[in-house]
Number of protein chains: 2
Amino acid sequence: MKYSRQRELIRQTVQQSEEHLTAEQVYERLKPENTTLSLGTVYRNLNLLAEQGSICRIPVPGGADRFDRNNDGHQHMICRCCGKVLDWRLPDMQELDRYLHQLTGFEVDRHDFFAWGTCKDCQTEI
Amino acid sequence: MKYSRQRELIRQTVQQSEEHLTAEQVYERLKPENTTLSLGTVYRNLNLLAEQGSICRIPVPGGADRFDRNNDGHQHMICRCCGKVLDWRLPDMQELDRYLHQLTGFEVDRHDFFAWGTCKDCQTEI
DNA sequence: TCCCAATCAGTAATAATTACTATTATGTTT
DNA sequence: AAACATAATAGTAATTATTACTGATTGGGA
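Quick summary incoming for the structure in this document.

All right, on to the protein's contact with DNA strand D then. Around DNA strand D sit 18 residues, and of these S4, Q6, T36, T41 and R44 of chain A come closest. By atom count, sugar and phosphate contribute 76% of the portion of DNA strand D lying within 4 Å of the protein. N47 of chain B places a polar side-chain atom, nitrogen or oxygen, 3.1 Å from a phosphate oxygen of DNA strand D. For DNA strand D, a phosphate oxygen lies 3.1 Å from a polar atom in the backbone of D65 of chain B. Secondary structure elements with two or more residues in the surface near DNA strand D: α1 (5-16) and α3 (39-52) of chain A together with α3 (39-52) of chain B.

Written as structure tokens, this is what we have:
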């Protein structure tokens, strides 16, 4: 893979962010300083980086995919009300994989675990 | 909620299918016998039925949502190769909810747990 | 039977993402 | 350092999944 300034900027943006950014958000953050940057370039590079493993895709059902600097198998909790995404960790995923393999012959290579609900802030608002 | 012939047909189609159908697939199955049926009607009713709990939405990351007759909190395994969706069951989800609530205050009302990988059939093909 | 809101069909619009194409940048070879 | 091959880009068009809109139809109670 050939170096590109754009890809480098996109990787840094995701890796330096505390939030889980969408492609659009990455674009918006970089566009002011990089006027010729194209949204297509952001999408293409986020896909490349996710495939290659340097960032992690969070394929949020019913919304735009988000990207996360961490790629260490943590899970996500999504608030139906405000769309916030929280991280948490579910232990013993490997054991689950072994169990599933025994049961079905399925070779699992990744998990997307979403817990849907209402976050603390939104509960008090209602 | 008022009765409608279209909604009834859509519910039956999902509930009688062994597979996990997309809105498009439900439409394709019903269209030949119901020439005036509209795709919008299929989407609207699938949403209604899912909200009301008589069918279950499977929001597949990176693809069209699928609908399942079962609504009993089972999980799904998706084959990257052929797109097949398998069912399985993860025990003790309630305990997990309690744990998450204690940890974050998040009120969890549903889980989407996807295990991604390669199914038995596709493994032998490669 | 009359009425009204729920539902429909058909179409247009939207949102997220990918595909296409001509141009530019990168790394390598002379 | 100039020339080359090709990966990557910008900008735009296209695609996919889904929702919104509108005027006609239908279900079910008064």
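What follows continues from the structure just given.
Taken residue by residue, the interface counts 30 residues in chain A and 30 residues in chain B. Counting each side, the surface lost to burial between chain A and chain B is near 2700 Å², with a carbon and sulfur contribution of 66%. For the pair chain A and chain B, the number of links is 0 residue pairs in polar contact (both at pLDDT 80 or more). Ranked by residue count, the leading element in the side of chain A that touches chain B is strand β6 (residues 107-118) of chain A, at 12 residues. For the side of chain A that touches chain B, a count of residues per class yields 18 nonpolar, 6 polar and 6 charged. Pairing of β6 of chain A with strand β6 (residues 107-118) of chain B involves 11 bridges; the strand directions are antiparallel. Its bridge partner lying in β6 of chain B, D112 of chain A is registered against F114 of chain B.

What counts, and at which threshold
Residues numbered from 1 in each chain as written. Chains lettered and ligands numbered in written order. Predicted model: local features only at pLDDT ≥ 70, side-chain atom pairs only at ≥ 80, totals over all residues. Heavy atoms only, no water. Near = heavy atom within 4 Å. Polar contact = N/O pair within 3.5 Å; in protein donor to acceptor, adjacent residues only side chain to side chain. Helix = DSSP H or I, 4+ residues; strand = E, 2+ residues; numbered from the N terminus. Contact = heavy atoms within 4.5 Å. Buried area = accessible area lost by both parts, 1.4 Å probe. Nonpolar A, V, L, I, M, F, W, Y, C, P; charged D, E, K, R; others polar. Pairing = 2+ DSSP bridges.

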